[in-house]
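Take a look at the letters that make up each chain.
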Amino acid sequence: MRNPLFRSLSLALVAVAVTPAVFGQRAADATASAAARAAAEPGPVRVNQIGYATGADKIATVVAAATAPLKWQLTDDKGRTAAAGTTRVVGADKASGDHVHQADFSHATGQGVHRLTVAGAGTSVPFTVTGEPLHPDLGREAMQYFYFHRMGTPVEAEYLQSAAHAHAALHPGDKSVPCYRNWCDKDSGSGADGKDSKAGEEQRLNVAGSWADAGDFGIYPVNHAIAAWALLNLYERRPRAYPDGSLSVPERANGLPDLLDEVAYGSRFMSGMLPKSGLASHKVHNHEWSPFPVKDIAAENALPRSAMPPSTNATYAVARTNAQLSRVLRKFDAEKASALWASAQDAWKRAEARPDVDHPGTGEDTDAEGGGDYPDTQNSDDRYAAAAELYLTAEQRADGSAEVYRTAVTGSAHYGEIDAFDWGRVAPAGTLSLLTVPNGLPPSDLSRMRENLRAVADSLVATQRGEGYPALISGATAYPWGSNSAVVNRMMLLGTAYDLTHDRGHLKAMHRAMDYLLGTNAMGISYVTGYGAHRETDLHDRLACGQYPATPYPSGWLSGGPNSADISDPVTPTGRPAAKSYAGPGTAPSAWSSKENTINWNAPLVWVATYLKSTAPDLTSR
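Let us look at the structure shown here. None of these values were measured; they are calculated from a predicted model.

What counts and how
Residues numbered from 1 in each chain as written. Predicted model: local features only at pLDDT ≥ 70, side-chain atom pairs only at ≥ 80, totals over all residues. Heavy atoms only, no water. Pairing = 2+ DSSP bridges. Helix = DSSP H or I, 4+ residues; strand = E, 2+ residues; numbered from the N terminus. Salt bridge = Lys/Arg side-chain N within 4 Å of Asp/Glu carboxyl O. Buried < 20%, exposed > 50% of the residue type's maximum accessible area, 1.4 Å probe, protein only. Disulfide = S-S within 2.5 Å. Phe/Tyr/Trp six-rings, centres within 6.5 Å; stacked < 30°, edge-to-face > 60°. Core = buried A, V, L, I, M, F, W, Y, C linked by side-chain atoms within 4.5 Å. Contact = heavy atoms within 4.5 Å. Axes fitted to C-alpha atoms, helices over the stretch in contact; angles between N-to-C directions. Left-handed = near helix turned anticlockwise from the far one by under 90°. Nonpolar A, V, L, I, M, F, W, Y, C, P; charged D, E, K, R; others polar.

Let us now look at the pairing of strand E5 (residues 81-86). For strand E4 (residues 71-76) and E5, the ladder comprises five bridges, and the chain directions are antiparallel. Paired with Leu74 across the two strands is Ala83, which belongs to E5. Where E4 folds back on E5, the antiparallel hairpin that results is connected by four residues, among which Gly79 adopts a positive phi of roughly 85 degrees.

Here is the structure:
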């Protein structure tokens, strides 16, 4: 059964776009990767390579074959002993295959730079213990990912971490794209009698204003919707996080919070995915995979590109994104908010009229091969999530349609659902919005949702405690495509639970999950670019790889992470434990299964980094 976290298996077709030179270098890539891995191999004492809050749980994972506890010593930057103890023998860790111990130095609250030495194992990299936010710039840097990936406008040096990444507009022609094999007219019936189309003319869609979705330059409503939702949910929970002038974007100083400026730009295309009638296009992308890396923007822009056939879940995605964006923009730009609201309602009606149309998938005659599929055969969760956003916005606007959407929410089998979520399983996002925005639902229902969220958060804490490394994924299962996104999405659940329950165990588990991302993992690396002594330095990104290795990757990008469930590239290792199914340094062009970056992975990274910064005072030593 397909896990919704996976990109479509058609992503394997990305190989057709890799240049022959890259194909010819695969063996060399593997050899170079092995050499690079050996040179950069982190030690067996795995810690958060940035550090720990004074009041957080501070637990290192130590790879050691010993079956008896080992002595450990924590020293400060002057070599003085700050704490000492013995490890707890965990034993065989299912996710990694490692035999591990854990060294718990949570009681050590002295601030400063420290190292952890474990007898017979080694010494960790230096890290900080502090009462201040550990990575105060990470949320802002993670937000810069989205400006970097804007399409339809020049990306200018003054707004980037490195001027070398500036480039001309990608796909400005998206303001007028054809419907692949004229499906728009065939699907809606327009043009058949000449009423909706001029003689000899086919419909074209205006989908200008978007973010490049992932390793490719496709735009996908279902994936965009969950990324936009995460950023807008952050705004609705913490509206002062990124005010006007706080981010490096061209729209700064326009009176609108910069976070909303970015989401508003990246979401412009959504309304344009709707043809004159009928369902929204499921995706827009090239007819063939782009070269890797892309160095010639003009050549990329000249590639044929179309809107692919429609789907119900893409149409609900348009509805829910536009409804939520309308809600947050209303006090800043009433006219734009009204236009978005009208588009959201229109999309809802279209989806309701055709509630079970699924995208046919690459390989069918109706679709081109230059993009991922994002296949999804369940649409009830998309309907529920859309209904939740429409209901909340209708209530805010005192719109008479609120009761219709409320009924769709409360009558859904997904009503109140809280669990792990991703682009293909979106019902929990709807429930989290209901727990974020004040509304008129029965207090008893909202209380039940809060209790369900607490139970889910408690189960995540239990899962983490049962692992040798502090992942929020059970080692008894395969790690999916984008496993790090599963971690950050679950961190969002923990953060929302902490907001509602004030259970410090949930906040501490968030910190431990960040430990996992920043070095306490089976690979011993930080999966966030720019962070950590042993950190990820190359990701599968067609545009950034065009300057690699001459230009370092920007800080604040999250790698997809280990993937043992669906490997379709030549360098992500197969036959290894789940947590070690990850490609090595320098392999990004051929490592799309584990080293890809995407909008829906960086959006929750923004959420959690911003959240941890804002709640830092809650985990300081008292």
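All right, on to the pattern of salt bridges then. Across all of its chains, the model carries 20 salt bridges by this definition. In this structure, Glu352 engages Arg383 in a salt bridge whose closest nitrogen and oxygen atoms are separated by 2.7 Å. On the criterion of sequence distance, the pair formed by Glu352 in helix H10 (residues 334-353) and Arg383 in helix H11 (residues 380-397) is long-range, its members being 31 residues apart. The exposure class assigned to Glu352 is partly exposed, which follows from its relative accessible area of 30%. The class for Arg383 is partly exposed, based on a relative accessible area of 29%. Among the ionic contacts, a cluster of salt bridges with common partners joins Arg150, Glu251 and Glu262.

At the junction of Phe292 and Pro293, the peptide bond is cis and its omega measures out at -5 degrees in the coordinates. Tyr548 connects to Pro549 through a cis peptide bond whose omega is 5 degrees. Note that Pro549 resides in the loop between helix H16 (504-517) and helix H17 (592-595). You will see that His171, though not glycine, has its phi angle at about 50 degrees, which is positive. Inspection of the secondary structure assignment puts His171 in the loop between strand E11 (150-151) and strand E12 (177-178). The backbone of Ala398 shows a phi angle near 55 degrees, a positive value even though the residue is not glycine.

By definition, a disulfide is the covalent link that joins the sulfur atoms of two cysteine residues. In the structure shown here, the tally under the stated rule is one disulfide. The disulfide bridge from Cys179 ends at Cys184, spanning 1.8 Å between sulfur atoms. Judged by the sign of its S-S torsion, about -70 degrees, the bond between Cys179 and Cys184 is left-handed. Look at Cys179 and you get buried, because its relative accessible area is 3%. Judged by its relative accessible area of 0%, Cys184 falls in the buried class.

A full pass over the atoms with the stated rule returns 20 aromatic pairs. When the ring of Tyr145 is compared with that of Trp557, the centres are 4.9 Å apart and the planes differ by 80 degrees; the resulting orientation is edge-to-face. Within this pair, whereas Tyr145 is found in helix H3 (residues 138-148), its partner Trp557 is found in the loop between H16 and H17, the two being separated by 412 residues in sequence. When its relative accessible area of 0% is taken as the criterion, Tyr145 is described as buried.

Below, the discussion takes up the nonpolar core. Core analysis: the biggest nonpolar cluster contains 159 residues, and Phe146, Leu231, Trp348, Leu434, Met491, Met510 and Val608 have the highest contact counts within it. For this core, the element with the most residues is helix H5 (residues 221-237), which contributes 11 residues. Dropping the residues within four chain positions of it, Met491 is found in contact with Leu472, Met510, Ala513, Met514, Leu517, Trp607, Val608 and Leu612. If you look at the next biggest cluster of nonpolar residues, it comprises 19 residues, including Leu70, Trp72, Ala83 and Val129.

Looking now at the packing of helix H15 (residues 483-501) against helix H18 (residues 599-614). Between H15 and H18, the least distance of the axes is 9 Å, while the angle of their chain directions is 35 degrees. The way H15 lies across H18 gives a crossing that is left-handed. Between H15 and H18, the residues in contact are Ser485, Val488, Asn489, Met491, Met492, Gly495, Thr496, Tyr498 and Asp499 and Trp601, Pro604, Leu605, Trp607, Val608, Tyr611 and Leu612, respectively. Residues that form the contact of H15 with H18 fall into these classes: 11 nonpolar, four polar and one charged.

In this section: the sheet that holds strand E6 (residues 88-92). Pairing is antiparallel across the open sheet formed by four strands, whose spatial order is E1-E3-E7-E6. Strands with a single pairing partner mark the edges of an open sheet, and in this sheet they are strand E1 (45-46) and E6. Inspection of the sheet shows E1 paired to strand E3 (residues 59-63) by two bridges, in the antiparallel sense. Looking at E3, one finds that Val45 is bridged to Val62.

With that out of the way, let us pick up the pairing of E3. Burial analysis of E3 places four of its five residues in the buried class, the great majority of the element. Relative to strand E7 (residues 99-104), E3 is paired through five bridges, and the arrangement is antiparallel. Considered in E7, the bridge of Ala60 is made with Ala103.

Functional significance is not addressed by these values, which are geometric in nature.
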